[in-house]
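Spelled out from the first residue to the last, the chains are:
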Amino acid sequence: MSIYWNTRIKNISPYVPGEQPKGQKIIKLNTNENPYPPSEKVIEAVKKAACENLRLYPDPECIVFRKAVAEKFNVKIEQVFAGNGSDEVLAFAFGAFFENAADKPLLFPDITYSFYPAYADLWSIPYRTIALRDDFTINTEDYKTGCCGAILPNPNAPTSIALALDDILSLAKFFEEQKKVFIVDEAYIAFGGSSLIPYINDYPNLLVIHTLSKSESLAGLRAGFAIGNEKLMEGLCRIRDSFNSYTLDHLALAGAAAAISDAAYYKEINSRVIATRERIAKEFCDLGFTVLPSSANFLFVKNKDIGGAKLFAALRERGIIVRHFNRDRIADYLRVSIGTDEQMDTVINACREILNENNKQR
């Protein structure tokens, strides 16, 4: 705390990112990065861009990236907005579409991406969290109430559970009738669930946001995009251009466009991630873990015999870092990103050892 901080900065609770350890030999499964490298086409594009025009500002309209996205998803380029990772796109969306009205709060789940309350606080947007069911699924009927809009991740994080298409479309229809923006955060949609991008022309209030960090193996490059009605894109541009018009640099634009254009490569590696996820989910179950049904590139698991914090520490002692959230209802769960088959076998063997040691101590 500082006497020089203003009231806004004193009162916010910033998002805490996953640990990025340095100088250690570890198996890093705590931030849902893709275990496979980006496409060679991405590397080539970035190298080429590094040799061209770095003394000049990048294209503020991000045409090359937006054009690739528009072609892939069969939408107009005017329906695509590009940003420095989906986190930036989300931040702009909060600023553009949600009101500061105590009687009409923003709605999102009580267990979800923890950046949402941070964005709401930053923009002074009142919000209300909607409790997940006991099985950690989202009840969409709970969101059909007075509000300034809603945001849902599909699949949800950290629970990994996807919504049925009909359920989420019913919300898009409800909020369209209320003339409120409905954001669907599809950070993990490449690994399961049904995207709402094909429905943006049916619902002018629908904003679908993607990241290239997970499915395109580009967490270190920082690129994301939104797809929706042209008027929504105009609102995002107004926020961006009141903040920083040059959100993506030359290297990121080139790499992101190349990644979007190499669908075959990413379909192959993400299919491998899904296959590993299904195999390892069964192995966790065989060890006595509760495993939530995952449509993401991670698993949300717990064991009845050992608490989440204790298991997290024991795995870390063995050089394996996963994510533990010390929060009500999920403190006994761990979020385990899907790594390579070899890495995941190491995780399963470590869990087996830890459980055996724990049983001997009982």
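Because the structure is predicted, anything quoted here is derived from the model rather than measured. (Residues numbered from 1 in each chain as written. Predicted model: local features only at pLDDT ≥ 70, side-chain atom pairs only at ≥ 80, totals over all residues. Heavy atoms only, no water.)

K.L.:
Is there a simple way to think about the pattern of salt bridges in this case?
P.N.:
Should their charged atoms come close, side chains of opposite charge can pair. In total, this model carries 17 salt bridges according to the counting rule given. Put simply, Asp110 and Arg329 hold a salt bridge, and the shortest N to O gap is 3.3 Å. Here Asp110, found in the loop between β3 (106-109) and α5 (115-122), pairs with Arg329, found in the loop between β12 (323-324) and β13 (334-337); they are 219 residues apart in sequence, far enough to count as distant. Where Lys282 meets Asp286, a salt bridge forms, and the shortest distance between an N and an O atom there is 3.2 Å. Of this pair, Lys282 and Asp286 both sit in helix α9 (residues 263-286), four residues apart, which is roughly one turn of the helix. Note on accessibility: Lys282 and Asp286 belong to one class, exposed. A single salt-bridge network, built from bridges that share partners, covers Arg279, Glu283, Asp341 and Asp345. (Salt bridge = Lys/Arg side-chain N within 4 Å of Asp/Glu carboxyl O. Helix = DSSP H or I, 4+ residues; strand = E, 2+ residues; numbered from the N terminus. Buried < 20%, exposed > 50% of the residue type's maximum accessible area, 1.4 Å probe, protein only.)

K.L.:
Looking at this model, I keep getting lost on helix α10 (residues 308-317). Mind explaining?
P.N.:
Residues three or four positions apart in an α-helix share a direction because the helix packs 3.6 residues into each turn. If you check which residues of α10 are buried, you get Gly308, Leu311, Ala314 and Leu315. Buried residues in α10, looked at end-on, bunch into an arc of 130°, giving them a common side. Summarising the contacts, the buried residues of α10 are in contact with β9 (289-291), β11 (320-321), β12, β13 and α11 (341-361). Among the residues trailing α10, Gly319 stands out with phi positive, at a value near 80°. (Arc of directions from axis to C-beta. Contact = heavy atoms within 4.5 Å.)

K.L.:
Quick question: what am I supposed to make of the sheet that holds β9 here?
P.N.:
Think of a sheet as strands paired side by side through backbone hydrogen bonds, with each pair either parallel or antiparallel. Strand order in the open sheet formed by four strands is β9-β10-β13-β12, and the pairing between neighbours is antiparallel. What marks the edges here is a single partner per strand, and that holds for β9 and β12. By the bridge criterion, four bridges tie strand β10 (residues 298-303) to β13 in an arrangement that is antiparallel. For Leu299, the partnering residue across the bridge sits in β13 and is Val336. Packing of α9 onto the sheet brings it into contact with β9, β10 and β13, and relative to β10 it is tilted by some 0°. Against the sheet, α10 makes contact with β9, β12 and β13, and its axis sits at roughly 35° relative to β13, the strand it touches most. (Pairing = 2+ DSSP bridges. Axes fitted to C-alpha atoms, helices over the stretch in contact; angles between N-to-C directions.)

K.L.:
How should the state of the cysteines be read in this particular structure?
P.N.:
Working definition of a disulfide: a covalent bond connecting the sulfur atoms of two cysteines. This structure, assessed with the given rule, holds zero disulfides. Distance from the sulfur of Cys148, which forms no disulfide, to the nearest cysteine sulfur (Cys147) is 6.4 Å. Cys237 takes part in no disulfide bond, and the closest cysteine sulfur to it belongs to Cys62, at a distance of 8.9 Å. Taking the relative accessible area as the measure of exposure, Cys237 reaches 25% and is therefore partly exposed. (Disulfide = S-S within 2.5 Å.)

K.L.:
Looking at this structure, I do not really get the pairing of strand β6 (residues 182-185). What am I missing?
P.N.:
Within a regular strand, the side chains alternate between the two sheet faces. Covered by surrounding structure in β6 are Phe182 and Val184 together with Ile183 and Asp185, the residues of both alternating faces. Inspection of the sheet shows strand β5 (residues 149-153) paired to β6 by four bridges, in the parallel sense. Across the sheet, the residue bridging to Pro153 is Asp185, located in β6. Note on the crossover from β5 through helix α6 (residues 165-177) to β6: the handedness is right-handed. In this sheet, strand β7 (residues 206-211) lies alongside β6 in parallel orientation, the contact comprising four bridges. (Right-handed = clockwise from strand over helix to strand, strands pointing away.)

K.L.:
Looking at this model, I keep getting lost on the sheet that holds β3. Mind explaining?
P.N.:
The mixed open sheet is built from seven strands, whose spatial order is β2-β8-β7-β6-β5-β3-β4. The open sheet has two edge strands, β2 (80-83) and β4 (127-130), and neither has a second partner. When the angles between neighbouring strand axes are averaged without regard to direction, this sheet yields 20°. Contacts from α6 reach β5 and β6 within the one sheet, and its direction differs from that of β6 by about 155°.

K.L.:
Looking at this structure, how should I read the packing of α10 against α11?
P.N.:
The description of two helices packed together rests on the angle between their axes and the distance between the axes. Where α10 meets α11, the axes come as close as 10 Å, and the angle between the chain directions of the two elements is 120°. In terms of axis orientation, α10 runs oblique to α11. Our pair here, α10 against α11, has a crossing hand that is right-handed. On α11, the residues that touch Lys310, Leu311, Ala314 and Leu315 of α10 are Ala350, Cys351, Ile354, Asn358 and Gln361. Within the contact of α10 with α11, the residues separate by chemical class into six nonpolar, two polar and one charged. (Parallel < 35°, antiparallel > 145°, perpendicular 65-115°, else oblique. Left-handed = near helix turned anticlockwise from the far one by under 90°. Nonpolar A, V, L, I, M, F, W, Y, C, P; charged D, E, K, R; others polar.)

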